[in-house]
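Chain residues, written in single-letter form:
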Amino acid sequence: MSIAETLPVWAALPVAFLLVLGGLISLIGALGLLRLGNFYQRIHGPAITVTLGAGCILIASMIYFTATQSRLVIHELLISVFVLMTAPVVAMMIMRAAVYRDLRKEHLADEEKTGTDGAATDA
Amino acid sequence: MMKRWLPSPLLSLCLLLMWLLLNQTIEPAHLLLGAVLGIVAPVLARPLQPQGYPRISRPFVLFRLLWLSLIEIVRSCFNVSRIILFRRTEGVNSQFIHIPLDLRDPYGLALLSCLINSTPGTVWVEIVPETHELLLHVFDLHDEQWWIDTIKSHYEQPIIEVFEQPRHSEREKTT
Amino acid sequence: MTTASLLSAAIVFALVCVVLAMILCTLRLLIGPSAQDRVLALDTLWMCAMLLALMLGIRHGSQIYFEAALMIALLGFVSTVALAKFLMRGEVIE
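Conventions adopted
Residues numbered from 1 in each chain as written. Chains lettered and ligands numbered in written order. Predicted model: local features only at pLDDT ≥ 70, side-chain atom pairs only at ≥ 80, totals over all residues. Heavy atoms only, no water. Helix = DSSP H or I, 4+ residues; strand = E, 2+ residues; numbered from the N terminus. Buried < 20%, exposed > 50% of the residue type's maximum accessible area, 1.4 Å probe, protein only. Contact = heavy atoms within 4.5 Å. Polar contact = N/O pair within 3.5 Å; in protein donor to acceptor, adjacent residues only side chain to side chain. Domains from an automatic or database assignment. Expected span 1.5 Å × (residues − 1). Bend = angle between axes of the 7 residues up to and from the residue. Salt bridge = Lys/Arg side-chain N within 4 Å of Asp/Glu carboxyl O. Nonpolar A, V, L, I, M, F, W, Y, C, P; charged D, E, K, R; others polar. Buried area = accessible area lost by both parts, 1.4 Å probe. pLDDT = per-residue confidence, 0-100. Core = buried A, V, L, I, M, F, W, Y, C linked by side-chain atoms within 4.5 Å.

1. Observations concerning the side chain of T80 of chain C
Right, so step 1: Among the secondary structure elements, T80 of chain C is positioned in helix α3 (residues 64-89).
Right, so step 2: Relative accessible area serves as the criterion here: at 4%, T80 of chain C is assigned to the buried category.
Right, so step 3: Every residue in contact with T80 of chain C, bar those within four places of it in the chain, is listed here: V90 and I94 of chain A together with V39, D43 and W46 of chain C.

2. A look at the side chain of D43 of chain C
Right, so step 1: Summarising the element assignment, D43 of chain C is placed in helix α2 (residues 35-60).
Right, so step 2: A polar atom in the side chain of D43 of chain C sits 3.3 Å from the side chain of T80 of chain C.
Right, so step 3: Other than its neighbours up to four places away in sequence, D43 of chain C contacts V90 of chain A together with T80 of chain C.

3. Some thoughts on the domain arrangement of chain B
Right, so step 1: Domain assignment breaks chain B into domain 1 (2-48) and domain 2 (59-174).
Right, so step 2: Of note, the centres of domain 1 of chain B and domain 2 of chain B, computed from C-alpha atoms alone, are 31 Å apart.

4. Notes on helix α3 (residues 45-69) of chain A
Residue and element names in this part refer to chain A.
Right, so step 1: Between the first and last C-alpha of α3 there are 36 Å, a value that for 25 residues agrees with the 36 Å anticipated at 1.5 Å per step.
Right, so step 2: The axis of α3 is deflected most strongly, by about 30 degrees, at A54.
Right, so step 3: With 19 of 25 residues buried, α3 is to be regarded as a mostly interior element.
Right, so step 4: Looking one or two residues past α3, S70 carries a phi angle of roughly 45 degrees, positive in sign.

5. Overview of the interface of chain A and chain C
Right, so step 1: Each partner contributes to the interface: chain A provides 56 residues, whereas chain C provides 53 residues.
Right, so step 2: Applying the counting rule to chain A against chain C returns one salt bridge.
Right, so step 3: Scanning the region where chain A abuts chain C turns up seven residue pairs in polar contact (both at pLDDT 80 or more).
Right, so step 4: Counting only elements with at least two residues in the side of chain A that touches chain C, the list comes to α1 (9-35), α2 (39-42), α3 and α4 (76-122) of chain A.
Right, so step 5: Considering every element that reaches the side of chain A that touches chain C, the biggest residue donor is α4 of chain A, with 16 residues.
Right, so step 6: Classifying every residue of the side of chain A that touches chain C gives 39 nonpolar, nine polar and eight charged.

6. Some words on the interface of chain A and chain B
Right, so step 1: The partner chain B presents 33 residues to the 31 residues of chain A that form the contact.
Right, so step 2: For the pair chain A and chain B, the two sides together bury roughly 2,700 Å², of which 74% comes from carbon and sulfur.
Right, so step 3: Ranking the residues of chain A by area buried against chain B places R35, H44 and L78 of chain A at the top, with a combined share of 22%.
Right, so step 4: Inspection of the region where chain A meets chain B yields zero salt bridges.
Right, so step 5: Viewed at the interface, chain B and chain A are joined by eight residue pairs in polar contact (both at pLDDT 80 or more).

7. A short note on the confidence of the model for chain A
All names here are of chain A.
Right, so step 1: The share of residues in chain A with pLDDT of 70 or more is 88%, and the mean pLDDT across the chain is 83.
Right, so step 2: Within chain A, α4 has the poorest average pLDDT of any element, 81, and α1 the best, 89.
Right, so step 3: Under a pLDDT of 50 for its full length, residues 118-123 has, in the predicted model, zero contacts with residues more than four places off or in other chains.

8. What about the nonpolar core?
Right, so step 1: Grouped together as the largest cluster of nonpolar side chains are 78 residues, with contacts concentrated most on L19, I79 and I94 of chain A together with M50 of chain C.
Right, so step 2: Every residue in contact with I94 of chain A, bar those within four places of it in the chain, is listed here: F39 and I43 of chain A together with Q36, V39, L40, T80 and A84 of chain C.
Right, so step 3: Ranked by size, the runner-up nonpolar core spans 25 residues in total, among them L101, L103, L134 and L136 of chain B.

9. Observations regarding the pattern of salt bridges
Residues and elements named next belong to chain B.
Right, so step 1: Applying the stated criterion across every chain yields a total of six salt bridges over all chains.
Right, so step 2: Notably, a salt bridge pairs E161 with R58, separated by 3.0 Å at the nearest N-O pair. Note that E161 is positioned in helix α6 (residues 144-174) and R58 in the loop between α3 (28-45) and α4 (59-86), a separation of 103 residues in sequence.
Right, so step 3: By relative accessible area, which is 36% here, R58 ends up partly exposed.

10. Structural notes on unusual backbone geometry
Residue and element names in this part refer to chain B.
Right, so step 1: At Q24, a position not held by glycine, the phi torsion is positive, near 55 degrees.
Right, so step 2: Topologically, Q24 is positioned in the loop between α2 (9-23) and α3.
Right, so step 3: Assessed through its relative accessible area of 29%, Q24 is described here as partly exposed.
Right, so step 4: Phi is positive for H132, close to 55 degrees, though the residue is something other than glycine.
Right, so step 5: Inspection of the secondary structure assignment puts H132 in the loop between β2 (122-128) and β3 (133-138).
Right, so step 6: What makes H132 buried here is its relative accessible area of 14%.

What follows is the structure in structure tokens.
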């Protein structure tokens, strides 16, 4: 086990707590992705993984490396900012794609129905 | 002169910070390289942005908005996880709602969409072009009017103050 | 000594949680009725992989994993945006 034995208590306790919380939150997010009924509900499941789960684990990593290397290690901030900026874009693009696909499918189904009706009346 | 070589001081500062964080140093050499990156990149990228870089007029309102939305994100995270864990999925009332928007500034709309999408439980779908209404999907809808009022007063009003203020003041100066 | 064992237990617990989350995402990826479900599951899988890399970094006490996590985040964003764009416009039959 290569976990530093010299980690002080003030750092070990919050790191452990944040790791457990982050793991649980990401598990709940994936559970929501599997369990919820339709697509528009499912898109809300991973949102909690992305925000709170990733946030907890990134903060835990910052505290851990700052304590073990006894200097300020905050380059995880880059990942946090990147994830916070890109996750909304991804959610919006998937949502728009889903809405357009559903609308198009309805449109095609309507056209098919009227087409067969027209053929039936012609015959 | 200042305007020409430093079109957006905030963006330059962020690029410098990004460079320093990636290299994890504050050595003078890396400070210099980061400063060069921060000056050159916005100047080269300026033709890509026909509307120019955004101007933020009230930073404190922006910080307060970001802080409040951080609290809101954490709160609604726990709400959504409680619903996922303990509620039957048929009982969740997921709906699309329409919200009329007054905000026109594209950077303000981008910030609003980022904040709304970051908050679990709400996803921005699109802005209806004819009526300038926002189509929003809400995970568990109790009261439509409450959502409309919250979005308009807590999110849209500060963003209008931050992004759309300078134009009004300029117009007042010229008249 | 006790703090180190507490921390290692917490890391193992979090690793198990994230791996379980990845298994659930894979299930959704396999059974997902529509294409957008699969893209959403793939995006969540990227995010879980990034968290896994960060946790392995804490466990092994090495900062190499940071670069891996950053790369996973970048590639995940680009690939999901490309897939979503393809879903919106890439249909052969319009």
